Amino acid sequence: MKHFDVVIVGASHAGAQTAIMLRQLKFAGTIALVGDETSLPYERPPLSKEYLAGDKPFERLLIRPAAFWDDKAIELKLGCRIVAVDAVARRITSADGETIGYGTLVWAAGGTPRRLSCQGHDLARVHAVRSRDDVDLLAAELPSVSRVVVIGGGYIGLEAAAVLVAAGKQVTIVEAQQHVLARVASEPLARFVEAEHRARGVDMRLGATVDCVEEADGAACGVRLATGEVLPADMVIVGIGINPAVEALIAAGARAGNGVEVDAWCRTSLPHVYAIGDCAAHASDFAGGAMIRLESVQNANDMAATVARAVVGDAQPYRSLPWFWSNQYDLRLQTVGLSLGHDDAVVRGDTSARSFSVIYLKQGRVVALDCVNATKDYVQGRKLVEAGMRLPPAVLADSAIALKDMMQPAAIE
């Protein structure tokens, strides 16, 4: 059995950044970065955007070139799926029976795409958009595809729809909620996004549930809704979230709910085991102390830095302001803060001008902003969220007043 001072399970953003940060902090111990994909560590956000569109080759998605990992003495173990953790013996076991010992374990395994539970969920031409292999398979089929049904109106589904419409495909989005982005955005933003997609020919089916995926010759040929209507499809894309990959930690005794639970230093309830990224649930000051999981590059990178500092003896609690982004057509959507639990939403700017912000308040305090082609609001609004500023909605809505000036209340009286 080979032993490493630090073993990182998961070779995507969170895991790769942990290894990189450890070396930047002059950690001299041995490091293994274990991933279940065979590709070198790469960025995931472009998968549903530039990579699917063919605008960015895979080499430009690499987090670091191949030589970097050798130069930094970080051993890559790719195509290796970890199925068991023994927190007492401090070792992990792969699906093919290999055992690896660790001094410290960092669990950054992310998650797996949620699949439909209905009949036809496993047919050919039913796709997820989570990995390079997912998108490569999808893209290889596109030349013979004219009609696509996208199930799920979250960011992944909307981004994929935008790319496919630009490629000349007929696209229908099926969303079970009454508006898209139901978990993360207000109705004003959702309605704007829906209108943008409809203007480009996307058929939006809101408040619609799927009965089954219909089959012809072993492949998907349509999506039957609960109403009985069948939406013809040469391809089905499912974007309904992920299941956190934490089964091995739970089996080892880790405390878990929606993901494995971690403390302010990203430590799990297991000794010498940290968890970070998409699979880690933490108590967030920006969510009123609620335990949440964040699926974002920001969270992955900042949690990685928290763990790397803890490993080298410079422990600092994780308290990073969440931010996210999405590109759809010529729209740049940027979010800062968390809007869950907000009790007021203020639209700043003119939605018809396609450059505006939605500012979210909770008990009078600014808790988040969604900015559409409004980078200045996004940059300046960060400080309002960090400070939890109390400002009158009428003032926030006044685009003649720069958000940065609202940090000095005297300037707006």
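Remember, predicted model here, so these are calculated numbers, not experimental data.

Undergrad: Give me the lowdown on the overall build of the chain, citing residues and values where you can.
TA: Assigned secondary structure in the chain consists of 10 helices and 26 strands. Relative to a compact globule of 413 residues, whose C-alpha radius of gyration would be 22 Å, the chain shows 22 Å and is just as compact. With the principal axes as the frame, the chain shows a C-alpha extent of 70 × 60 × 35 Å. In the chain, once contacts between residues fewer than 6 apart in sequence are set aside, the share between residues at least 24 apart is 58%. Carbon and sulfur atoms make up 48% of the accessible area of the chain, which totals about 17,700 Å². Distance from the positive charge centre (41 side chains) to the negative charge centre (48 side chains) of the chain: 4 Å.

Undergrad: Tell me about the environment of Thr209, residues and numbers included.
TA: With respect to the helices, strands and loops of the structure, Thr209 is situated in the loop between β11 (203-206) and β12 (210-216). With near-sequence residues (within four places) excluded, Thr209 lies in contact with Ala176, Leu225 and Ala226.

Undergrad: A description of the pairing of strand β1 (residues 2-9) should follow, citing residues and the corresponding values.
TA: Where β1 lies against strand β6 (residues 99-107), 7 bridges are found, and the strand directions are parallel. Note that in β6 the partner of Lys2 across the bridge is Ile100. Pairing between β1 and strand β2 (residues 31-35): 4 bridges, direction parallel. Across the sheet, Val7 pairs through a bridge with Ala32, a residue of β2. The handedness of the β1 to β2 crossover, carried by helix α1 (residues 13-24), is right-handed.

Undergrad: Report on the sheet that holds strand β21 (residues 291-293), specifying residues and quantitative values.
TA: Taken in spatial order, the 4 strands of this open sheet run β17-β18-β20-β21, and their pairing is mixed. The sheet terminates laterally at β17 (256-257) and β21, the two strands that pair on one side only. As judged from the 3 bridges shared by strand β20 (residues 280-283) and β21, these two strands associate in the antiparallel manner. In the sheet register, Ala283 faces β21, and the bridge partner there is Met291.

Undergrad: Let's hear about the nonpolar core: which residues, and what values?
TA: Membership of the largest hydrophobic core comes to 54 residues, with the highest contact counts inside it found for Val7, Ile92, Leu105, Trp107 and Ile276. When residues of this core are assigned to their parent elements, the largest contribution, 7 residues, is made by helix α8 (residues 297-311). If sequence neighbours within four positions are ignored, Ile276 has contacts with Ala14, Thr18, Val106, Trp107, Ala108, Cys266, Met303, Ala304 and Val307.

Undergrad: An account of unusual backbone geometry is requested, with residue identities and associated values reported.
TA: Positioned with a positive phi, Cys266 is a non-glycine residue whose angle comes to about 65 degrees. Looking at the element boundaries, Cys266 is found in the loop between β18 (259-261) and β19 (273-275). Relative accessible area serves as the criterion here: at 0%, Cys266 is assigned to the buried category. Backbone geometry at His272 places phi at a positive 65 degrees, although glycine is not the residue there. Following the sequence through the fold, His272 ends up in the loop between β18 and β19.

Undergrad: Please provide a residue-by-residue account of the packing of α1 against α8, values included.
TA: Between α1 and α8, the shortest axis-to-axis distance is 8 Å and the interhelical angle comes to 35 degrees. Of the two elements, α1 crosses α8, and the hand of that crossing is right-handed. The segment α1 lies against α8, with His13, Ala14, Gln17, Thr18, Met21 and Leu22 engaging Val297, Ala300, Asn301, Ala304, Ala305, Val307, Ala308, Arg309 and Val311. Residues of the contact of α1 with α8, tallied by class, amount to 10 nonpolar, 4 polar and 1 charged.

Undergrad: Lay out the state of the cysteines in plain terms, naming residues and giving numbers.
TA: Evaluation of the coordinates by the stated rule reveals 0 disulfides. The thiol of Cys118 is not disulfide-bonded; the next cysteine sulfur, from Cys212, is found 6.4 Å away.

Undergrad: So what's going on with the side chain of Ser186? Which residues, and what values?
TA: Of note, Ser186 is situated in the loop between β10 (170-175) and α6 (187-199). For Ser186, the side chain forms a polar contact with the side chain of Tyr360, separated by 3.0 Å. When residues no more than four places from it in sequence are discounted, the contact partners of Ser186 are Val358, Tyr360 and Asp370.

Calculation rules
Residues numbered from 1 in each chain as written. Predicted model: local features only at pLDDT ≥ 70, side-chain atom pairs only at ≥ 80, totals over all residues. Heavy atoms only, no water. Helix = DSSP H or I, 4+ residues; strand = E, 2+ residues; numbered from the N terminus. Rg over C-alpha atoms; globule rule 2.2 N^0.38 Å. Contact = heavy atoms within 4.5 Å. Areas by Shrake-Rupley, 256 points an atom, 1.4 Å probe, with all protein chains shown as cover. Lys, Arg positive; Asp, Glu negative; His and termini not counted. Charge placed at Lys NZ, Arg CZ, Asp CG, Glu CD. Pairing = 2+ DSSP bridges. Right-handed = clockwise from strand over helix to strand, strands pointing away. Core = buried A, V, L, I, M, F, W, Y, C linked by side-chain atoms within 4.5 Å. Buried < 20%, exposed > 50% of the residue type's maximum accessible area, 1.4 Å probe, protein only. Axes fitted to C-alpha atoms, helices over the stretch in contact; angles between N-to-C directions. Left-handed = near helix turned anticlockwise from the far one by under 90°. Nonpolar A, V, L, I, M, F, W, Y, C, P; charged D, E, K, R; others polar. Disulfide = S-S within 2.5 Å. Polar contact = N/O pair within 3.5 Å; in protein donor to acceptor, adjacent residues only side chain to side chain.

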